Amino acid sequence: MSYFKKSPWIIHYDGSSCNGCDIEVLACLTPMYDVERFGIVNTGNPKHADIFVITGSVNEQNIEVVKNIYHQMPNPKVVVAVGICATSGGVFRECYNVMGGVDKVLPVDVYVPGCAARPEAIIDGIVKAIGILEKKRKEMDEKG
Amino acid sequence: MELLYGLIYLVAAPVAGGLLTGLDRKVSARMQGRVGPPLLQPFYDVMKHFQKEKVVVAKIQNVFVLGYLLFMAFTGALFFSGGDILLVIFAMTLSHVFLVLGAYSTNSPYSFIGAERELVQMMAFEPMVILAAAGMYLATGSFYVSDIAGTGKALALLLPGLLLGFLYVLAFKLRKSPFDISSSRHAHQEIVKGITTEFTGSTLGRVEIAEWYELVLMLGFVYLFFGWSPPLALVAVALAYFLELVVDNSFPRLKWPFAVKSSWVAALALGMTNVAVLWYFARGVV
Ligand code: SF4
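Residues numbered from 1 in each chain as written. Chains lettered and ligands numbered in written order. Predicted model: local features only at pLDDT ≥ 70, side-chain atom pairs only at ≥ 80, totals over all residues. Heavy atoms only, no water.

## So, the pattern of salt bridges
Once the charged atoms of two side chains with opposite charge are near each other, the side chains can pair.
Part 1 of the reasoning: As enumerated under the stated definition, the model contains 13 salt bridges over all chains in all.
Part 2 of the reasoning: Residues K136 of chain A and D109 of chain A are paired through a salt bridge, measuring 3.3 Å at the closest nitrogen-oxygen approach. Taken together, the positions of K136 of chain A in helix α4 (residues 119-143) and D109 of chain A in the loop between β6 (98-100) and β7 (110-112) put the pair 27 residues apart, joining distant regions of the chain.
Part 3 of the reasoning: A relative accessible area of 25% places K136 of chain A in the partly exposed class.
Part 4 of the reasoning: With a closest N to O distance of 2.4 Å, K176 of chain B and D24 of chain B form a salt bridge. With K176 of chain B in the loop between α8 (160-173) and α9 (201-225) and D24 of chain B in helix α1 (residues 2-31), this residue pair connects regions lying 152 residues apart in the sequence.
Part 5 of the reasoning: One connected set of salt bridges, linked through shared partners, spans D34 and E36 of chain A together with R25, R34 and D45 of chain B. (Salt bridge = Lys/Arg side-chain N within 4 Å of Asp/Glu carboxyl O. Helix = DSSP H or I, 4+ residues; strand = E, 2+ residues; numbered from the N terminus. Buried < 20%, exposed > 50% of the residue type's maximum accessible area, 1.4 Å probe, protein only.)

And the structure:
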């Protein structure tokens, strides 16, 4: 029996988002959507987190930060790119400092498109991510 | 018989503590107009922690955290088997020292700050609890939990100041707002995650289990004040816990200097006065 399905903890990092997607991520925690129903907790600590939610694109300044957070998370872990900026760079793609989507630096598992991504879409993405988390957990078990 | 209570505590306290924590999350969510997680959520969380990869900064931290868990269980067993209440208080302090050492040993600035704040919390909590023990001794003539619980006297009426003061500092121990300065519960965040920042996986799980033990122990303390009538005591314990939840959900976190000062003022004003009055009347009336 695996418990990741019942208690996925999230760390949310804002790359170079315009804050639109961040607001929508936080909206998931409000009484309207209340993701804590599913045991989802928005922790601020990468060492406690299972799911890494990134909004906004990766730029030259935060690339180290993003990598650092990812490497601090214990396995199994998944990365969810929320918003079109995190997916591909979006409208900021051509900026001189923007590197593009999160997948330029990290292995992204789930893409949640939208500008801004709707809370429903984000929750849907997280649920997909939980499935992948389970799969990774099984692989971890098989490896021992 | 009393030893049996201690053994029951060792087995049942994590279950009861986890359920109470689940209830706490549910009730807190309702207070915020949310549905909230399932009742068993704390158990799911802890089970998950044990399934995570073990990432350890310094190996010694696991030893310290295990020490925290074992001593907390031991403290509670001592309490519920009717042991010396002073010993209970100092054993509890020792277990917290283990937690603080564990956080120090990771060499991370975040858990360092958390550990310092945990020490501050202990400083705020301790005077009131020792006063409460002293008051119970004055009222019953014994430091033994079994004697205090078995006394026919209405301790809550003899020690109202101590009871109020104890409820005041209880928020420190339950890691509740406004006093959750070293580490906070649920989704609250506190300088990353305070004292537990560097604890991952099974280590974090052990910390949570120790906190369940502690929760039951703390409610046991409240019970003592009403020991003369068990049904009333259970109601009082439930009310006290509910009160903590209401306070938790209505007040923001305080700065640590104010938190400590206010707890000392509460201990001094409520506790000392109560003990002084009791001592004055101790010969004639009681
Ligand atoms: S996807 Fe749209 S809303 Fe989200 S960060 Fe980018 S520009 Fe802002």
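This is not the end of the story, as more comes after the structure.
## Here we look at the interface of chain A and chain B
Part 1 of the reasoning: Taken together, the 28 residues of chain A in the interface contact 30 residues of chain B.
Part 2 of the reasoning: Contact between chain A and chain B buries roughly 2,500 Å² in total, counting both sides, with carbon and sulfur atoms accounting for 53%.
Part 3 of the reasoning: Interface area lost by chain A to chain B is led by Y3, E36 and K47 of chain A, which between them contribute 25%.
Part 4 of the reasoning: Where chain A meets chain B, there are six salt bridges.
Part 5 of the reasoning: Of the charged contacts in the structure, one is a salt bridge between E198 of chain B and K47 of chain A, with a shortest N-O distance of 2.4 Å.
Part 6 of the reasoning: Where chain A touches chain B, the interface holds 20 residue pairs in polar contact (both at pLDDT 80 or more). (Contact = heavy atoms within 4.5 Å. Buried area = accessible area lost by both parts, 1.4 Å probe. Polar contact = N/O pair within 3.5 Å; in protein donor to acceptor, adjacent residues only side chain to side chain.)

## Quick word on the site of the ligand
Part 1 of the reasoning: For the ligand, the full set of nearby residues is S17, C18, G20, C21, G83, I84, C85, G114, C115 and A116 of chain A.
Part 2 of the reasoning: Class assignment of the residues belonging to the shell around the ligand gives a composition of six nonpolar, four polar and no charged. (Near = heavy atom within 4 Å. Nonpolar A, V, L, I, M, F, W, Y, C, P; charged D, E, K, R; others polar.)

## A short note on helix α2 (residues 41-51) of chain B
Part 1 of the reasoning: Of all 11 residues making up α2 of chain B, eight are buried, and the element is well covered by its neighbours.
Part 2 of the reasoning: Where α2 of chain B is concerned, the buried positions are Q41, P42, Y44, D45, V46, K48, H49 and Q51 of chain B.

## Description of the packing of aromatic side chains
Part 1 of the reasoning: Counted under the stated rule, the structure contains 17 aromatic pairs over all chains.
Part 2 of the reasoning: With a centroid separation of 6.1 Å and an interplanar angle of 80°, the aromatic rings of F71 of chain B and F74 of chain B are classed as edge-to-face. In this pair, F71 of chain B and F74 of chain B both sit in helix α3 (residues 60-80), three residues apart, roughly one turn of the helix.
Part 3 of the reasoning: The class for F74 of chain B is partly exposed, based on a relative accessible area of 43%.
Part 4 of the reasoning: Look at F79 of chain B and F80 of chain B: their rings are 5.1 Å apart centre to centre, the planes differ by 70°, and that puts the pair in the edge-to-face class.
Part 5 of the reasoning: For F80 of chain B, a relative accessible area of 28% corresponds to the partly exposed category.
Part 6 of the reasoning: Three or more aromatic residues link up through ring pairs in this structure, and these residues are Y9, F79, F80, F125, F166, Y213, F221 and F225 of chain B.
Part 7 of the reasoning: Lying over the aromatic face of Y70 of chain A, K77 of chain A brings its terminal NZ or CZ to 4.2 Å of the ring centre. (Phe/Tyr/Trp six-rings, centres within 6.5 Å; stacked < 30°, edge-to-face > 60°. Lys NZ or Arg CZ within 6 Å of the ring centre and 35° of its normal.)

## Brief notes about the packing of α8 of chain B against helix α10 (residues 230-250) of chain B
All names here are of chain B.
Part 1 of the reasoning: Their axes nearest at 10 Å, the elements α8 and α10 cross at an angle of 60°. By the angle between their axes, α8 is oblique relative to α10. As α8 packs across α10, the resulting crossing turns out to be right-handed. Seen from α8, the contacting residues are L167, L170 and A171; seen from α10, they are A240, L243 and E244.
Part 2 of the reasoning: Its residues placed into classes, the contact of α8 with α10 shows five nonpolar, no polar and one charged. (Axes fitted to C-alpha atoms, helices over the stretch in contact; angles between N-to-C directions. Parallel < 35°, antiparallel > 145°, perpendicular 65-115°, else oblique. Left-handed = near helix turned anticlockwise from the far one by under 90°.)

## Details of the confidence of the model for chain B
All names here are of chain B.
Part 1 of the reasoning: Per-chain confidence: chain B averages 86 in pLDDT, with 97% of residues scoring 70 or above.
Part 2 of the reasoning: Per-element confidence in chain B ranges from a low mean pLDDT of 79 for helix α7 (residues 155-158) to a high of 91 for helix α4 (residues 85-104).
Part 3 of the reasoning: Overall fold confidence for the complex sits at a pTM of 0.88, while the interface term, ipTM, reaches 0.86. (pLDDT = per-residue confidence, 0-100.)

## Section: the side chain of D50 of chain A
Part 1 of the reasoning: Structurally, D50 of chain A can be placed in the loop between β2 (41-42) and β3 (51-55).
Part 2 of the reasoning: A distance of 2.7 Å separates the side chain of D50 of chain A from the side chain of K48 of chain B, its partner in a polar contact.
Part 3 of the reasoning: At a separation of 2.7 Å, a polar atom in the side chain of D50 of chain A contacts the side chain of K52 of chain B.

## Notes on the pairing of β3 of chain A
Residue and element names in this part refer to chain A.
Part 1 of the reasoning: Burial of β3 is extensive: five of the five residues sit out of reach of the surface.
Part 2 of the reasoning: Neither face of β3 is exposed, since I51, V53 and T55 on one face and F52 and I54 on the opposite face are all buried.
Part 3 of the reasoning: With five bridges connecting them, β3 and strand β5 (residues 78-82) associate as parallel partners. Within β5, the residue paired with I54 across the bridge is A81. (Pairing = 2+ DSSP bridges.)

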